[in-house]
Amino acid sequence: MKFFMPTEVFIGKNVIEENKEKFREIGKKALIVTGRSSSKKNGSLEAIEKTLKEMNIEYLVYDKVEENPTVETVVLAGEIGRKENVDFIVGIGGGSPIDASKAIGVYILNKNLTKETLFTSEKLKSIPIVAVPTTAGTGTETTQYAILTDHVEKTKKNLGQEIFPVLSLVDPTFMMGMSIGITRNTAIDAFSHVVEGYLNTNANKISDGLAETALKEFSKTIEGLKKGTLSYEDRESLAIVSNIAGIIIAQTGTSIPHGLGYSLTYYKNVPHGLANGCLYKEYLKVFKNREKVNKIYELLGFEVEELDELLESFCTVHIDITEEEIKAWSKAFTNNKAKLKNHPEEITEEDIVRIYKNSLLK
Ligand code: NAP
Ligand code: FE
């Protein structure tokens with residue numbers, strides 16, 4: 001059995017201010033990496049800038065990371081970081097800016113890398129990454145993954161390096177003003193990490209214990225998610241679920257819904273969590289061994305139909321899709337051995353076509 005999670009994590013109100021001394025040990029000049037606007041509105045950027053100033057740490061801000069970040073963005077920000085000799089990164093925002101930060105960190109440290117050679121099988125390190133997540137979804141603050149959009153292969157794929165943040169500071173107050181749409185989409189992402197890590201070839205007793213705890217914690221937030229109003233306690237619970245979920249998939253990887261969802265995001269622009277969520281009802285049906293699947297319902301306090309209804313009510317997009325597209329994506333996915341081998345049972349291309357069709361052709 002193997003378990004590895006090297007990130008120091010703090011979750012709660014004011015964790016940035018309370019842990020400001022830690023920045024001194026990490027570096028002398030930071031590149032702050034954010035999305036385009038949310039970090040300026042929710043107070044997270046201001047909190048980091050204030051702390052770095054108090055610690056007399058120089059910094060500059062790169063605030064142009066788009067959703068589903070591209071290799072081009074990584075290179076643009078990486079060039080700035082190289083020129084300015086920054087020695088660590090603070091990634092603030094959702095999964096997009098934090099994943100981008102990990103790839104930018106690799107690009108800055110490895111000066112020979114170019115846009116063409118960023119994806120390499122060589123094992124590379126990064127300058128230190130501090131993660132300040134402002135969504136409760138991806139768990140990137142506790143994973144080694146960095147998911148980038150690759151227009152050459154026309155999909156989203158993992159950078160392939162193992163870049164755990166050195167420090168993750170999770171303050172749920174930055175999430176209080178988040179729209180219910182983004183809240184639900186990101187919550188489904190966290191939920192899907194827990195489930196795909198639980199129903200996974202690589203699951204072990206430690207990851208299962210974490211998954212069961214996360215499912216119980218998630219169940220506390222369902223009323224708020226349904227109603228569309230979330231208290232601070234709900235936000236903190238979702239942040240904890242997302243964090244634990246990251247720890248789980250750092251051990252197990254994700255599996256089928258994530259692999260199938262990437263096409264929906266790449267070709268149809270469906271947000272990541274929503275893309276997974278729309279496929280979940282059918283994904284959960286394909287398991288022949290029902291023991292662990294039933295445990296999920298039990299821990300959530302749900303009958304099967306109740307979870308189906310909940311996921312359907314969150315799946316609010318109409319996705320225009322043809323049978324030809326479904327066939328092509330299913331074929332491409334069946335060739336994606338990495339995701340398939342995480343699924344603990346045999347599954348055929350026909351099963352994959354069925355998941356897509358039953359989920360999307362209505
Ligand atoms: P995101 O793409 O980072 O952000 C989605 C939207 O939420 C953006 O418009 C963003 O605004 C906004 N936002 C962020 N924080 C907010 C807040 N506190 N209040 C209001 N709006 C806020 O979304 P995400 O779902 O967190 O990340 C998705 C990415 O992570 C995908 O690329 C996915 O593939 C990847 N992912 C990574 C892992 C991993 O382990 N590394 C796991 C799963 C998914 P701004 O752009 O203005 O900031
Ligand atoms: Fe995800």
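Our subject is the structure that appears above.
What comes next is a walk through the structure. This is a predicted model, so every value here is computed, not measured. Starting afresh in each chain, residues are numbered from 1 along the sequence in its written order. Chains and ligands are labelled by the order in which they are written, letters from A for the one and numbers from 1 for the other. Whole-chain, interface and lining totals are the exception, using all residues; otherwise, since this is a predicted model, local features are given only for residues with pLDDT of at least 70 and side-chain atom pairs are given and counted only at 80 or more. Calculated side-chain values reflect all of the structure's heavy atoms, with hydrogen atoms and water omitted.

1. With respect to a nonpolar patch on the surface
1) Next: Taken together, the side chains of Met1, Phe3 and Ile206 make up a nonpolar region of the molecular surface, amounting to roughly 320 Å² of accessible area.
2) Next: Helix numbers and strand numbers start at the N terminus; a helix is a DSSP run of H or I with at least 4 residues, a strand a run of E with at least 2. Looking at the secondary structure, you find Met1 in the segment before strand 1 (8-11).
3) Next: Only protein chains enter the accessibility calculation, which uses a 1.4 Å probe. A residue is then buried if its area is under 20% of the maximum for its type, exposed if over 50%, and partly exposed in between. Looking at Met1, the relative accessible area reads 73%, which means it is exposed. Patch definition: residues above 30% relative accessible area lacking any salt bridge, with like charges linked at up to 9 Å and the nonpolar side chains Val, Leu, Ile, Met, Phe, Trp and Tyr linked at up to 5 Å. The accessible surface values rely on the Shrake-Rupley method and a 1.4 Å probe; as for residues, cover is taken only from the protein chains in view. Salt bridges, as used here, are contacts in which a Lys or Arg side-chain nitrogen is within 4 Å of a carboxyl oxygen on Asp or Glu.

2. Structural notes on the pairing of strand 4 (residues 88-93)
1) Next: Among the 6 residues of strand 4, 6 are classified as buried, and the element is accordingly described as predominantly covered.
2) Next: Burial along strand 4 is two-sided: Phe88, Val90 and Ile92 facing one way and Ile89, Gly91 and Gly93 facing the other are all buried.
3) Next: Bridge count between strand 2 (residues 29-35) and strand 4: 5 bridges; the pairing is parallel. Along strand 4, the bridge assignment pairs Thr34 with Ile92. Here a strand pair is declared whenever DSSP counts at least two bridges between the two strands.

3. Comments concerning the coordination of the iron ion (ligand 2)
1) Next: Sites may look incomplete, because water is not among the atoms used; the donor set itself consists of N, O and S atoms within 2.8 Å of the metal (3.2 Å for Na, K and Ca). In the first shell of the iron ion (ligand 2), the protein supplies Asp189 (OD), His193 (NE2), His258 (NE2) and His272 (NE2), at 2.1 to 2.2 Å from the metal.
2) Next: Between 85 and 135 degrees for all angles marks four donors as tetrahedral; over 155 degrees for opposite donors together with 65 to 115 for all other angles marks four donors as square planar and six as octahedral; every other arrangement is irregular. Around the iron ion (ligand 2), the 4 donor atoms are arranged such that angles at the metal cover 83 to 168°; this shape is classified as irregular.
3) Next: Sequence positions of the residues that donate to the iron ion (ligand 2) give the spacing D-x3-H-x64-H-x13-H. Of this pair, Asp189 sits in helix 7 (residues 180-198) while His258 sits in helix 11 (residues 256-268), placing them 69 residues apart in sequence.

4. Here we look at the pattern of salt bridges
1) Next: Applying the stated criterion across every chain yields a total of 22 salt bridges.
2) Next: When the shortest N-O distance is used, the salt bridge between Glu17 and Lys20 registers 3.2 Å.
3) Next: As a salt-bridge pair, Lys50 and Glu17 come within 3.5 Å of each other at their nearest N and O atoms. With Lys50 in helix 4 (residues 44-54) and Glu17 in helix 1 (residues 15-18), the pair connects residues that are 33 residues apart, well separated along the chain.
4) Next: Taking the relative accessible area as the measure of exposure, Glu17 reaches 32% and is therefore partly exposed.
5) Next: Ionic contacts of the salt-bridge type, sharing partners, join the residues Glu17, Lys20, Lys50 and Glu54 into one network.

5. Considering the packing of aromatic side chains
In this description, an aromatic ring pair is defined by two values, namely the gap between the centres and the angle between the planes.
1) Next: Classification of ring pairs uses Phe, Tyr and Trp, with its six-membered ring standing for Trp, and accepts pairs whose centres are within 6.5 Å; under 30 degrees between planes counts as stacked, over 60 as edge-to-face, and the remaining range as tilted. Taken as a whole and judged by the stated rule, the model has 9 aromatic pairs.
2) Next: Relative to Phe88, the ring of Phe23 has its centre 6.5 Å away and its plane inclined at 50°; by these criteria the two rings are tilted. Of this pair, Phe23 sits in helix 2 (residues 21-26) while Phe88 sits in strand 4, placing them 65 residues apart in sequence.
3) Next: Between Tyr266 and Tyr267, the ring centres sit 5.1 Å apart and the planes meet at 80°, which makes this aromatic pair edge-to-face.
4) Next: Cluster of aromatic residues (ring-pair linked, three or more members): Phe191, Phe218, Tyr280, Tyr283 and Phe287.

6. Things to note about the pairing of strand 5 (residues 129-133)
1) Next: Counted residue by residue, strand 5 has 5 buried out of 5 residues, so it is predominantly covered.
2) Next: On strand 5, burial covers both faces: Ile129, Ala131 and Pro133 on one face and Val130 and Val132 on the other are all buried.
3) Next: Note: strand 4 against strand 5, 5 bridges, orientation parallel. In the strand pairing of strand 5, Gly91 is matched with Ala131.
4) Next: With its strands directed away from the observer, a crossover is right-handed exactly when the path from the first strand over the helix to the second travels clockwise. Taken together, strand 4, helix 6 (residues 95-109) and strand 5 form a β-α-β motif whose crossover is right-handed.

7. Some remarks on the layout of surface pockets
1) Next: Detection works on a 1 Å grid of protein atoms alone, calling trapped sets that fit a 1.4 Å probe cavities and calling open sets with protein on both sides within 12 Å along at least five of seven lines pockets, with lining residues defined by an atom within 4 Å of a point. Grid points are joined across faces, edges and corners, and a volume is the space filled by probe spheres set on the points. Here the second largest pocket is characterised by a volume of approximately 170 Å³.
2) Next: Every residue along the wall of the second largest pocket is listed here: Val71, Glu72, Lys115, Glu116, Phe119, Asp150, His151, Val152, Glu153 and Lys157.
3) Next: Taken together, the residues of the lining of the second largest pocket break down into 3 nonpolar, 1 polar and 6 charged. Polarity classes work like this: nonpolar for Ala, Val, Leu, Ile, Met, Phe, Trp, Tyr, Cys and Pro, charged for Asp, Glu, Lys and Arg, and polar for all others, with Gly in that last group.

8. Structural notes on the sheet that holds strand 3 (residues 58-65)
1) Next: The 6 strands lie next to each other as 1-8-5-4-2-3, forming an open sheet whose pairing is parallel. Bordering the open sheet on either side are strand 1 and strand 3, each of which pairs with just one other strand. Direction aside, neighbouring strands of the sheet carry axes that sit 15° apart on average.
2) Next: Where strand 2 and strand 3 come together, 6 bridges link them in parallel fashion. The residue bridging Leu31 from the neighbouring strand is Leu60, located in strand 3.
3) Next: Sitting on the sheet, helix 5 (residues 71-83) is in contact with strand 2 and strand 3, with an inclination near 165° to strand 3.
4) Next: In what follows, a contact means two residues having at least one pair of non-hydrogen atoms within 4.5 Å. Lines are fitted to the C-alpha atoms to define the axes, a helix being fitted only along its stretch in contact, and any angle between axes, read from their N-to-C directions, falls within 0 to 180 degrees. The sheet strands contacting helix 6 are strand 2, strand 3, strand 4 and strand 5, and the helix crosses strand 4 at an angle near 165°.

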